[in-house]
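The residues making up each chain are set out below.
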Amino acid sequence: MNVDIHPSWKAVLNEEFDKPYFKVLANYVKEEYSNHKCFPPGKWIFRAFELCPFDEIKVVILGQDPYHGVGQANGLCFSVNENVSMPPSLLNIFKELETDIGKPMPGSGSLTSWAQQGVLLVNATLTVRAHQAGSHQGKGWEEFTDHVIQTISKQRENVVFLLWGGYAKKKQRLIDTDKHMVFTSGHPSPLSANRGYWFGNRHFSKTNVFLKENGKQEISW
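Please read these numbers as outputs of a predicted model, since none were measured by experiment.

About the thresholds
- Residues numbered from 1 in each chain as written.
- Predicted model: local features only at pLDDT ≥ 70, side-chain atom pairs only at ≥ 80, totals over all residues.
- Heavy atoms only, no water.
- Core = buried A, V, L, I, M, F, W, Y, C linked by side-chain atoms within 4.5 Å.
- Buried < 20%, exposed > 50% of the residue type's maximum accessible area, 1.4 Å probe, protein only.
- Contact = heavy atoms within 4.5 Å.
- Salt bridge = Lys/Arg side-chain N within 4 Å of Asp/Glu carboxyl O.
- Helix = DSSP H or I, 4+ residues; strand = E, 2+ residues; numbered from the N terminus.
- Axes fitted to C-alpha atoms, helices over the stretch in contact; angles between N-to-C directions.
- Parallel < 35°, antiparallel > 145°, perpendicular 65-115°, else oblique.
- Phe/Tyr/Trp six-rings, centres within 6.5 Å; stacked < 30°, edge-to-face > 60°.
- Pairing = 2+ DSSP bridges.

Moving on to the nonpolar core. Counting 65 residues, the largest nonpolar core has Trp9, Phe49, Trp114, Leu120 and Phe144 as its most contacted members. Excluding anything up to four places from it in sequence, phenylalanine 144 contacts Leu13, Glu16, Phe17, Tyr21, Phe22, Phe46, Phe49 and Leu126.

In structure tokens form, the structure reads like this:
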């Protein structure tokens, strides 16, 4: 498994890569990619950590696992590449953005520009077998990404954590809420959003208010 990450992450994660559980995980992922169609492409497994340097994180958005349809997952949670149809959750994110800050619906579902501005778009599980949602859960990824969240909480200050849905909300226990801002809501998936748990959370404007109050550049969503 090729761990392609920004140099700033290596200082905080190198010890984790040497732990026994991660070596078992790496072997599992290599075997899965050799024997099955898996997503995202191998070169993009750690893309969130490549595009968003550790010392530039302003916001963390946590997903559960990658899209499992062909051509969808690109290593950033909720994001798809240009010219790929937007999944329902991503459409609902953009609908809330339009209501919240007046941003028109974009033509592309790529969230690369968010990552480049300091938004860590990370799934709790970084890989998945094609057409089998959650197929790589419970193999070690969660231990790794929990460590990532805890490390950000301990070593950074005034980061905004956006926790959408029941799974993500459970991660609040890993975050020092005296040092950081946590916003929670329902998941943007249609099942949750159509029940009134997503729309109207105004997380994007609230995030920018917090960043501005703490002397940080706002995100151009």
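Read on, since the account is not over.
This part is about the pattern of salt bridges. Under the criterion given, the structure shown has five salt bridges. Between aspartate 100 and arginine 202 there is a salt bridge, and its shortest N-O distance comes to 3.4 Å. Residue aspartate 100 is located in helix α4 (residues 88-101), and its partner arginine 202 is located in the loop between α8 (190-193) and α9 (203-213); the two are separated by 102 residues in the primary sequence. Note that lysine 171 is salt-bridged to aspartate 146, the shortest N-O span being 2.7 Å. Here lysine 171 is found in the loop between α7 (166-169) and β6 (181-185), whereas its partner aspartate 146 is found in helix α6 (residues 141-155), with 25 residues between them in sequence. Each member of the pair, lysine 171 as well as aspartate 146, carries the same accessibility label: buried. When salt bridges with common partners are traced through the structure, they connect Asp146, Lys171 and Arg173 into a single cluster.

So, on to unusual backbone geometry. A cis amide bond, omega -5°, links phenylalanine 39 with the succeeding residue proline 40. In this structure, proline 40 sits in the loop between β1 (38-39) and α3 (47-51). At asparagine 158, a position not held by glycine, the phi torsion is positive, near 55°. If you check the backbone angles, arginine 202 has positive phi at about 55° while not being a glycine.

On to the packing of α4 against α9, then. Think of two packed helices as two axes; the pair is described by the angle between the axes and how far apart they sit. Two numbers describe how α4 lies on α9: the axes approach to 8 Å, and their chain directions differ by 60°. Here α4 lies oblique to α9, going by the angle between them. Of the residues in α9, those in contact with Ile93, Glu96, Leu97, Asp100 and Ile101 of α4 are His203, Phe204 and Ser205.

Bringing the packing of aromatic side chains into the picture now. Within this structure, the stated rule accounts for 19 aromatic pairs. Look at phenylalanine 78 and tryptophan 164: their rings are 5.5 Å apart centre to centre, the planes differ by 55°, and that puts the pair in the tilted class. With a gap of 86 residues between them, phenylalanine 78 in the loop between β2 (59-63) and α4 and tryptophan 164 in strand β5 (residues 160-164) connect regions that are remote in the sequence. Tryptophan 164 carries the same exposure label as phenylalanine 78, and that label is buried. Ring centres 6.1 Å apart and planes at 70° place the aromatic pair tryptophan 164 and phenylalanine 204 in the edge-to-face group.

Strand order across the open sheet formed by four strands is β3-β2-β5-β6, with parallel pairing between neighbours. Each edge of the open sheet is held by one strand with a lone partner, namely β3 (119-123) and β6. Put simply, the sheet's adjacent strands are angled 20° from each other on average, direction ignored.

Here β3 lies mainly inside the structure; five of its five residues are buried. Judged by which residues are buried, β3 turns out to be covered on both faces: Val119, Leu121 and Asn123 on one side and Leu120 and Val122 on the other are all buried. When β2 meets β3, the two strands line up parallel, connected through five bridges. Following the sheet pairing, valine 60 is matched in β3 by leucine 120.

Note that every value here comes from positions in space, so none of it alone points to a role or purpose.
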